[in-house]
Amino acid sequence: MLPYASERVVVVKKSDAAYVLSAVFVALTSLFYCCTMWFHITLPRYYPLEHAWKWVNEKGVPSQGWYGMQAFAFLAAGIGTLIAHFGLKRVVSPEANLKPAQIRICGAIATFVAVVCMGYMLHYEFSRWGVFTAIGL
Amino acid sequence: MVFLENFYGPLLLAHLFATFVLVGSMTHNLLIVINYLRGKFGRQKLEWLYVRVSLWAYSIVYVIGVLIYPAYRIHLRHRYFDPELPWATGLFEVKEHWGAVGLAMFVVYYLLRRSFQPAEEKDKLYLYVPLCLLLNVIVWYKVVVGCYLTLLKGSWS
């Protein structure tokens, strides 16, 4: 049995919202992760030899900043996506559906941001650790 | 003593086996998703199964990776790769950064796939297909670099 027209609108709307928020979260996670590199944000680091967490980067002592970078990116992107969620609720009418062009642009922007950020991560680490030099670039 | 260093070998093997499942399911997933671009939507159920298997496999790979990272950081990276082969650390660092971003992408990929029907909402393939491609790039990079680094130095004595 076909659903009522109003039900169909609700189903499509939920799907559109999920799509937009997915795109926002992907873009923001990539962006905030890169921010930790761009701005050298000080985050908690794990020191495996001491079994301790510290909010400083002690030179010469092996430590792991990766956990903190992820936590920062996921949290910041989560908050950003939540803001986008409430923003969408307020700005967009419940009956409105996204136009095909808007859906495409939204997907393309999120993909573009993710690709640029991944490229930046690669360039940052390859330059820092001499990978480009090792392969003759 | 570093966290879980006595279990590094078995955990690394488990990491590898879960990666086999991950790379298999994601690659098959990509082959079906590429067919969506040609207007062929005949294997959606199988594709949805691959998405679920991939998410679980990625989660397992990720958790094991997080657990064995301290032992790797001290015994392999700090004592061998950083001073002897710094470029290998560069390859590894990208693997870790992409892996972290990939986790967010995987969750989004799963939720997105759950929320739409590819045959009926073709415009949404503008995000879905690139995400699938990016995840395959990440997964394959992790497999190749992970295996290569293990070949260079996989354990310590």
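Keep in mind that what you see is a predicted model, and the values were worked out from it rather than measured. Every chain's residues receive numbers from 1 upward, in the order its sequence appears when written. Chain letters and ligand numbers both follow the written order, the letters beginning at A and the numbers at 1. It should be noted that, the model being predicted, local features are given only for residues of pLDDT at least 70 and side-chain atom pairs only at 80 or more, the latter also being counted only at that level, while totals for whole chains, interfaces and linings use all residues.

Student: Let's hear about the overall build of chain A: which residues, and what values?
Tutor: Segments assigned H or I by DSSP are reported as helices when at least four residues long, segments assigned E as strands when at least two residues long, and all are numbered from the N terminus. In terms of helices and strands, chain A carries four helices and two strands. Ordered by position in the sequence, the α and β elements of chain A form the string α-β-β-α-α-α.

Student: Which residues make up the nonpolar core, and what values do they have?
Tutor: Inside soluble globular proteins, nonpolar side chains tend to come together where they are buried. Take the buried Ala, Val, Leu, Ile, Met, Phe, Trp, Tyr and Cys residues, join any whose C-beta atoms are within 7 Å, and the set you get is a nonpolar core. Here exposure depends only on C-beta density: within 10 Å of a residue's C-beta, 20 or more other C-beta atoms make it buried, 12 or fewer make it exposed, and intermediate numbers make it partly exposed, the C-beta atoms being placed from the backbone. Grouped together as the largest cluster of nonpolar side chains are 69 residues, with contacts concentrated most on Ala23 and Val26 of chain A together with Ala104, Met105, Leu131 and Leu135 of chain B. Every element with two or more residues in this core is listed here: helix H1 (5–38), helix H2 (66–91) and helix H3 (100–128) of chain A together with helix H1 (8–37), helix H2 (44–84), helix H3 (86–115) and helix H4 (125–152) of chain B. With 14 residues, H3 of chain B is the single largest residue contributor to this core.

Student: Go over the interface of chain A and chain B with me, naming the residues and quoting the values.
Tutor: It is the C-beta atoms, placed from the backbone, that decide contacts: two residues are in contact if theirs lie within 7 Å. Between chain A and chain B, the residue contacts involve 39 residues of the former and 33 residues of the latter. Listed by contribution, the elements that provide at least two residues to the side of chain A that touches chain B are H1, H2, H3 and helix H4 (131–134) of chain A. The dominant element in the side of chain A that touches chain B, judged by the number of residues it contributes, is H3 of chain A, at 14 residues. Residues are grouped as follows: Ala, Val, Leu, Ile, Met, Phe, Trp, Tyr, Cys and Pro are nonpolar; Asp, Glu, Lys and Arg are charged; every other residue, Gly included, is polar. Among the residues forming the side of chain A that touches chain B, the class breakdown is 26 nonpolar, 10 polar and three charged.

Student: Now, about the confidence of the model for chain B: what can you tell me, with residues and values included?
Tutor: Looking at chain B as a whole, the pLDDT averages 96, with 100% of positions reaching at least 70. Quick note on the complex model: pTM equals 0.92, ipTM equals 0.94. pLDDT expresses, on a scale from 0 to 100, how confident the predictor is about each individual residue.

Student: I'd like a rundown of unusual backbone geometry, residues and numbers included.
Tutor: Residues and elements named next belong to chain A. Here histidine 51, not a glycine, exhibits a phi torsion of approximately 55°, which is positive. Structurally, the position occupied by histidine 51 is in the loop between strand S1 (45–47) and strand S2 (52–54). On the basis of neighbour count, histidine 51 is assigned to the exposed category, with 11 C-beta atoms found within 10 Å.

Student: So what's going on with the environment of asparagine 6 of chain B? Residues and values would help.
Tutor: Residue and element names in this part refer to chain B. Relative to the elements of secondary structure, asparagine 6 occurs in the segment before H1. A residue is classified by how many C-beta atoms lie within 10 Å of it, and asparagine 6, with 11 of them, is exposed. Sequence separation between asparagine 6 and alanine 71 is 65 residues, and the spatial gap between their C-alpha atoms is 8.9 Å.

Student: Quick one: what's the story with the packing of H1 of chain B against H2 of chain B, residue by residue and with numbers?
Tutor: Residues and elements named next belong to chain B. Comment: axis = line fitted to C-alpha atoms, over the contacting stretch for helices; angle = value between 0 and 180 degrees taken between N-to-C directions. Between H1 and H2, the least distance of the axes is 8 Å, while the angle of their chain directions is 150°. When the axes of H1 and H2 are compared, the pair comes out roughly antiparallel. Our pair here, H1 against H2, has a crossing hand that is left-handed. Partitioning the contact of H1 with H2 into residue classes produces 22 nonpolar, seven polar and one charged. Put simply, angles under 35 degrees are roughly parallel, angles over 145 are roughly antiparallel, angles from 65 to 115 are roughly perpendicular, and the rest are oblique. Two helices that cross are described as forming a left-handed crossing if the nearer one is turned anticlockwise from the farther one by less than a right angle, and a right-handed crossing if clockwise.

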